[in-house]
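Single-letter residue listing:
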Amino acid sequence: MRYLQGDPHALPRNRTTLADYRAEHFLFEAADGVATITLNRPERKNPLTFESYAELRDLFRALAYADDVKAIVIAGAGGNFCSGGDVHEIIGPLTRLDMPGLLAFTRMTGDTVKAMLACPQPIVAAVDGVCAGAGAILAMASDLRLASTRARTAFLFAKVGLAGCDMGACAILPRLIGQGRAAELLYTGRSMSAEEGERWGFFNRLCAPDEVVGEALQLARSLAAGPTFAHGMTKKMLQQEWNMGIHDAIEAEAQAQAICMATNDFHRAYHAFVAKSVPGFEGD
C-alpha cells in the first residue's frame, strides 16, 4: 500500500508513518498526531462499499504501526455520519452471491471492527445526522463517541431481514448500553435519538451540529498529547478483560501497570510533578 515509507521490516521496531497516505475511498489526513478519516459520499449520506470496507480494514491495521498517529477521528461529510452499506453497490450484489462469497464478505466487515479494536490509538467518532447499519457499527467500535443533537443511530439489520448479530454488535453494544436496551435496538431496528444515546451511555456527550467534528478533534488532540503508550495499554485491557474473572483482571492490570511504570512518560510525569510543571509526554 502507498502509505508505507520504505520496507517496514527494515525500520526500527517495524514502525512507519501515514502522513503521506492518500486514501482512495474516503478522505484522510494525519497532522499533529491525529489522523482524521472522513467518509465522503455526502450525496448518499456516506454509505460504505466493498472497496471502502477493505480500505478501512487495511488502514486501521496499518495504524497499529504508525509513529505519527496518536489518536484517530472518524467522521462523515455533509451533515451525516454513515448510512451503512450502499444499497446498490453492496446490498444488491449480496443477493446474488453464494454462501462462500457471503461469508467472505461478512468476515471482511468483521475484520474492519477487529482492526479498529486492535489499533492502539483511541478512536473518537464524530457522529452527525444519519448513523445507520454499518455506520452505527463504526461508531460502536470506536472508543469514544461525540454526537450532534440531530444524530440518529439505528442498528437497522432487522429492517432488511438480517439478524442484529453483525460485526460484533451482540457482543459490544450490550457492554455499552446494557442487554435490554441493546436487545430493543437490535430487534426493532428503530432509531436511537442523540438524547437517548447520551442518556444510555452510547454517546459520551452531545454537541451542536456545527461543532461536533471540532470537539472530536479537540478531544483527539488532547489524547494525542497524553501518555500514548499508556492509552494503548488502557485500550487493550478494556477489551482483554471482557473475558476475565475479577481476580484474573486484577493480575492482568498489575502486569500492565508495571509495564507502564517502566516507561519514560511515567518518569517525566513524576519529575514534572516535583518541578510543579506540566509533563511533556512522548509515548515511550
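Predicted model, so just to flag it, every value in this text is computed and none were measured.

K.L.:
Please explain the overall build of the protein as it appears in this structure.
P.N.:
Within the protein one finds 11 helices and 9 strands. In terms of overall dimensions, the protein is globule-like: its C-alpha atoms have a radius of gyration of 19 Å, near the 19 Å expected for 284 residues. Relative to its full complement of 284 residues, the protein shows a buried share of 45%. At a minimum sequence separation of 6, the contacts of the protein that also span at least 24 residues come to 68%. Across the protein, the centroid of the 27 positively charged side chains sits 3 Å from that of the 32 negatively charged ones.

K.L.:
What's the story with helix 2 (residues 87-94) in this structure? I'm lost.
P.N.:
In an α-helix there are 3.6 residues to a turn, and that puts residues three or four apart on one side. When helix 2 is considered as a whole, its buried residues turn out to be I90, G92, P93 and L94. Each element contacted by the buried residues of helix 2 is listed here: helix 1 (50-63) and helix 3 (99-118). A side-chain oxygen of the first residue of helix 2 lies 2.9 Å from the backbone nitrogen of H88; this N-cap is D86.

K.L.:
Is there a simple way to think about the nonpolar core in this case?
P.N.:
The nonpolar side chains of a soluble globular protein tend to be buried, and buried together. Grouped together as the largest cluster of nonpolar side chains are 57 residues, with contacts concentrated most on F60, L63 and F155. Broken down by element, this core gets its largest block of residues, 7 residues, from helix 4 (residues 134-141). In this structure F60 touches I37, I72, A115, M116, C119 and I123, once residues within four positions along its chain are discounted. Grouped together as the second largest cluster of nonpolar side chains are 15 residues, A126, C207, V212 and A220 included.

K.L.:
Mind showing me how you'd approach the sheet that holds strand 5 (residues 130-132) here?
P.N.:
To summarise the sheet geometry, strands pair through backbone hydrogen bonds and adopt either a parallel or an antiparallel arrangement. Taken in spatial order, the 3 strands of this open sheet run 5-7-8, and their pairing is mixed. The open sheet has two edge strands, strand 5 and strand 8 (191-193), and neither has a second partner. The sheet shows a mean angle of 25° between the axes of neighbouring strands, direction not considered. Relative to strand 8, strand 7 (residues 152-154) runs antiparallel, the two sharing 3 bridges. Note that in strand 8 the partner of R152 across the bridge is S193. Taken strand by strand, helix 4 contacts strand 5 and strand 7, and its axis lies near 90° from that of strand 5.

K.L.:
Would you explain the pairing of strand 1 (residues 27-31) in this entry?
P.N.:
Regular strands place their side chains on alternate faces of the sheet. Going residue by residue along strand 1, you find F28 and A30 tucked away on one face and L27, E29 and A31 left uncovered on the opposite face. Bridge analysis of strand 1 against strand 2 (residues 34-39) gives 5 bridges, and the strand direction is antiparallel. Bridge pairing links F28 to I37 in strand 2. Here strand 1 hands over to strand 2 after 2 residues, with D32 in that stretch at a positive phi of 55°.

K.L.:
Help me understand the pattern of salt bridges in this model?
P.N.:
A pair can form between side chains of opposite charge whenever their charged atoms are brought close. Evaluated as defined, the whole model comprises 15 salt bridges. Its salt-bridge partner being E89, residue R41 comes within 2.9 Å of it at the nearest N-O pair. One end of the pair, R41, is in the loop between strand 2 and helix 1; the other, E89, is in helix 2, and 48 residues separate them in sequence. We classify E89 as partly exposed; its relative accessible area is 34%. Here R190 makes a salt bridge to E196, at a shortest N to O gap of 2.9 Å. What emerges from the salt-bridge pattern is a single network uniting R57, D58, R61, D111 and K114.

K.L.:
Teacher, can you tell me more about the pairing of strand 4 (residues 123-127) here?
P.N.:
Across the 5 residues of strand 4, 5 count as buried, placing the element largely inside the fold. Both faces of strand 4 are covered, namely the face carrying I123, A125 and V127 and the face carrying V124 and A126. Judged from the 3 bridges that link them, strand 3 (residues 71-76) and strand 4 form a sheet pairing that is parallel. Directly across from I74, in strand 4, lies its bridge partner A125. With 4 bridges connecting them, strand 4 and strand 6 (residues 144-148) associate as parallel partners. Along strand 6, the bridge assignment pairs A125 with R145.

K.L.:
Looking at this structure, I do not really get the side chain of E196. What am I missing?
P.N.:
Within the element layout of this structure, E196 appears in helix 7 (residues 194-200). In terms of polar contacts, E196 uses its side chain to reach the side chain of R190, at 2.9 Å. Apart from the residues lying within four places of it in its own chain, the contact partners of E196 are R190 and S191.

Cut-offs used in this document
- Every residue gets a number counted from 1 within its own chain, in the order that chain's sequence is written.
- Predicted model: local features are reported for residues with pLDDT of at least 70 only, side-chain atom pairs are reported and counted for 80 or more only, and whole-chain, interface and lining totals are derived from all residues.
- Derived side-chain values reflect all non-hydrogen atoms in the structure, with water molecules and hydrogen atoms excluded from consideration.
- Think of it this way: any DSSP run of H or I at least four residues long counts as a helix, any run of E at least two long counts as a strand, and we number them from the N terminus.
- Just to be clear, the radius of gyration here is over C-alpha atoms, and the globule rule we use is 2.2 Å times residues to the power 0.38.
- Under the scheme applied here, a residue whose accessible area is under 20% of the maximum for its type counts as buried, over 50% as exposed, and between as partly exposed, the area being computed with a 1.4 Å probe on protein chains only.
- The contact criterion used is simple: two residues touch if any of their non-hydrogen atoms lie within 4.5 Å.
- Only four residue types enter the tally: Lys and Arg on the positive side, Asp and Glu on the negative side, with His and both chain ends excluded.
- To locate a charge, take atom NZ for lysine, CZ for arginine, CG for aspartate or CD for glutamate.
- Between N or O atoms, a polar contact is any pair within 3.5 Å; within protein, one atom must be a potential hydrogen donor and the other a potential acceptor, and residues adjacent in sequence are included only when both atoms are from side chains.
- As used here, the term nonpolar core means buried Ala, Val, Leu, Ile, Met, Phe, Trp, Tyr and Cys residues forming a set that is joined through side-chain atoms within 4.5 Å.
- Paired strands, as defined in this entry, are two strands with at least two bridges between them according to DSSP.
- Under this scheme, a helix contributes an axis fitted over its contacting stretch, all axes are lines through C-alpha atoms, and angles between N-to-C directions fall in the 0 to 180 degree range.
- For this analysis, a salt bridge means a side-chain nitrogen from Lys or Arg found within 4 Å of a carboxyl oxygen belonging to Asp or Glu.

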